[in-house]
Amino acid sequence: MKGKRVGVIGGGQLAWMMGSAAPSLNIKLLVQTPSQDDPAVSRASGLVQAAIDDAEATAKLATFCDVITFENEFIDLEALQKLVQQGVCFRPSLDTLAPLLDKYHQRSYLKDIGVPVPKFNLGSSSEDITSNFGFPVVLKARRHGYDGQGTFIIKDAQALNILAQHVPIPELLVEEFIPFERELGIIAARNASGEIALYPVTETYQQNQVCHWTITPADIDDQIATKVKAIARTILEQLQVVGVLGIEFFLTADRRVLVNEIAPRTHNSGHYTLDGCHTSQFAMQLRAVTDLPLGDTNLKSGGALMVNLLGFEESASDYLEKRDRILEIPHSFVHWYGKSSRPGRKLGHATVLLDAEQMAQAPSIIKKIESIWYK
Ligand code: ADP
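Residues numbered from 1 in each chain as written. Predicted model: local features only at pLDDT ≥ 70, side-chain atom pairs only at ≥ 80, totals over all residues. Heavy atoms only, no water.

*Asks:* Which residues make up the pattern of salt bridges, and what values do they have?
*Replies:* Inspection of every chain in the model, using the stated rule, returns eleven salt bridges. Among the salt bridges present, the one from Asp-291 reaches Arg-91, with a minimum N-O distance of 3.1 Å. One end of the pair, Asp-291, is in the loop between α10 (281-289) and β15 (303-310); the other, Arg-91, is in the loop between α3 (77-85) and α4 (94-97), with 200 residues separating them in the sequence. Of the charged contacts in the structure, one is a salt bridge between Arg-255 and Asp-221, with a shortest N-O distance of 2.8 Å. Linking Arg-255 in the loop between β13 (243-251) and β14 (257-263) with Asp-221 in the loop between β12 (210-216) and α8 (222-238), this pair joins segments that are 34 residues apart in sequence. Judged by its relative accessible area of 35%, Asp-221 falls in the partly exposed class. Through salt bridges with shared partners, a single network forms among Arg-107, Lys-140 and Glu-175. (Salt bridge = Lys/Arg side-chain N within 4 Å of Asp/Glu carboxyl O. Helix = DSSP H or I, 4+ residues; strand = E, 2+ residues; numbered from the N terminus. Buried < 20%, exposed > 50% of the residue type's maximum accessible area, 1.4 Å probe, protein only.)

*Asks:* Before we move on, could you go through unusual backbone geometry and cite the residues and values that matter?
*Replies:* Peptide bonds are, in most cases, trans, and in most cases residues other than glycine have a negative phi. Here the residue pair Arg-91 and Pro-92 is connected by a cis peptide bond, since its omega of 0° sits within 30 degrees of zero. Within the secondary structure, Pro-92 is located in the loop between α3 and α4. Here the amide bond leading from Thr-216 into Pro-217 is cis, since omega sits at -5°, within 30 degrees of zero. Phi at His-144 takes a positive value of approximately 65°, unusual for a residue other than glycine.

*Asks:* Provide a residue-level description of the packing of helix α2 (residues 55-63) against α3, including the pertinent values.
*Replies:* One can describe the packing of α2 onto α3 by two numbers: an axis separation of 9 Å at closest approach and a directional angle of 30°. By the angle class used here, α2 and α3 are roughly parallel. Here α2 runs over α3; the crossing is right-handed. In this structure, α2 contributes Ala-55, Thr-58 and Ala-59 to the contact, and α3 contributes Ala-79, Leu-80 and Leu-83. Partitioning the contact of α2 with α3 into residue classes produces five nonpolar, one polar and no charged. (Axes fitted to C-alpha atoms, helices over the stretch in contact; angles between N-to-C directions. Parallel < 35°, antiparallel > 145°, perpendicular 65-115°, else oblique. Left-handed = near helix turned anticlockwise from the far one by under 90°. Contact = heavy atoms within 4.5 Å. Nonpolar A, V, L, I, M, F, W, Y, C, P; charged D, E, K, R; others polar.)

*Asks:* Go over the side chain of Glu-71, please, and point to the residues and values.
*Replies:* Position of Glu-71 among the secondary structure elements: in the loop between β4 (67-70) and α3. In this structure Glu-71 is buried but unpaired, with Arg-265 as the nearest side chain of opposite charge at 7.6 Å. Polar side-chain contacts of Glu-71 include one of 3.4 Å to the backbone nitrogen of Gly-11. In terms of polar contacts, Glu-71 uses its side chain to reach the backbone amide nitrogen of Leu-14, at 3.3 Å. (Lys, Arg positive; Asp, Glu negative; His and termini not counted. Polar contact = N/O pair within 3.5 Å; in protein donor to acceptor, adjacent residues only side chain to side chain.)

*Asks:* Describe helix α5 (residues 103-112), and please don't skip the residues or the numbers.
*Replies:* Every buried residue of α5 is listed here: Lys-103, Gln-106, Arg-107, Ser-108, Tyr-109 and Leu-110. Those residues of α5 that are buried are in contact with β5 (120-122), β6 (137-141), β8 (172-176), α8 and β14. In this structure Asp-102 caps α5, since a side-chain oxygen of it lies 2.7 Å from the backbone nitrogen of Tyr-104. Residue Gly-114 follows α5 closely and has a positive phi angle near 85°.

*Asks:* Which residues make up the environment of Leu-122, and what values go with them?
*Replies:* Relative to the helices and strands, Leu-122 resides in strand β5. You can call Leu-122 partly exposed: its relative accessible area is 29%. In this structure, the C-alpha to C-alpha distance between Leu-122 and Lys-140, residues 18 residues apart in sequence, is 9.8 Å. Look past the residues within four positions of Leu-122 in its chain and what remains in contact with it is Tyr-104, Arg-142, Leu-172 and Val-174.

*Asks:* Pulling in residues and values, what's your account of the site of the ligand?
*Replies:* Lining the immediate environment of the ligand, one finds 19 residues, of which Lys-103, Lys-140, Gly-148, Glu-183 and Glu-261 sit closest. Within the side chain of Thr-151, a nitrogen or oxygen atom sits 3.4 Å from an oxygen atom of the ligand. Note that an oxygen atom of the ligand is positioned 2.7 Å from one of the side-chain N or O atoms of Glu-261. Look at the ligand: alone it shows 550 Å² of surface, and the protein chains cover 94% of it. Sorting the residues of the shell around the ligand by element identifies β6, β8, β13 and β14 as the ones contributing at least two each. (Near = heavy atom within 4 Å. Areas by Shrake-Rupley, 256 points an atom, 1.4 Å probe, with all protein chains shown as cover.)

So far we have only geometry, and geometry alone does not tell us how the molecule works.
So this is what it looks like as structure tokens:
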């Protein structure tokens, strides 16, 4: 691919981190995002200021770019199809994205290709849900959910009836609650020549459906890691992905590995790759969509932990003092997205690289970072 001008739909922190990888790959990044203040704008060579699902704006973006990729999936797929007919190149392709954007379609697709997923169905009456799934049960908005927005873990019939007063249940995906032992994630990439690159398996920890931290490599045996990687490979090949996927899994006590969700883009569970791996997930996405050979996914050290710096108040502070204190931890890095603070908002993240012998200390280092940040 000549020229290497990559358009990104979305201008949040994922595109911002892609922006840091672009220059060393001879790539110019242009973004489509609603606000000039969005994180990626400062690192972009061009901006089309528009909503993510504004396909006319994407048509304009395409006039400046050789290829368009994505940092989020809140797009209008049907409207973008028309651009494909006009010769616009999307990577991953819209055919790859089509079964992934709606959580019900995604679950159905995965089941059809034989990938293990939690038992699921479309929402029906309270009685049906109670008899088919019991409690707790999980209900999810089919589109536009993120960071647990739109995911409801419902503990009894009364809570279900309360939810039904606010959201039409038939519009939701219903699935069995998985009492998982751990949550795992993997970043997986494929390019147009069919080359595949898999990162190490990560343990992720979510609280109230929001990721708080990750540890890589996950403390799992080879058999489980092999299962995760085989599933990732199947998904990449079945979907003919050109780009990066973030895949999230539940690991159960009886050693089942179930896919929770596929994000057709870089993912929070792969932020550790920025400092922790020879090729970051952001560089990997750019390599994959511009036909470069995929990079080395190995860790630079024995392991890496990542802690999200989540907003805990409304504030315009840049929390410099707290960030500096985190940087006193050996082999630490802090990435600050430059957003104003709101409770629960992802404002930045910290990564710490560890030697193999230090991995047992990862939980205490995570606690230390969280105590500096939330105190
Ligand atoms: P989002 O798309 O908003 O990230 P997810 O569907 O990935 O939402 O769910 C977020 C978190 O909620 C998961 O990481 C997990 O901790 C919890 N969760 C989601 N689905 C289930 C389930 N079926 N059983 C148990 N926990 C779940």
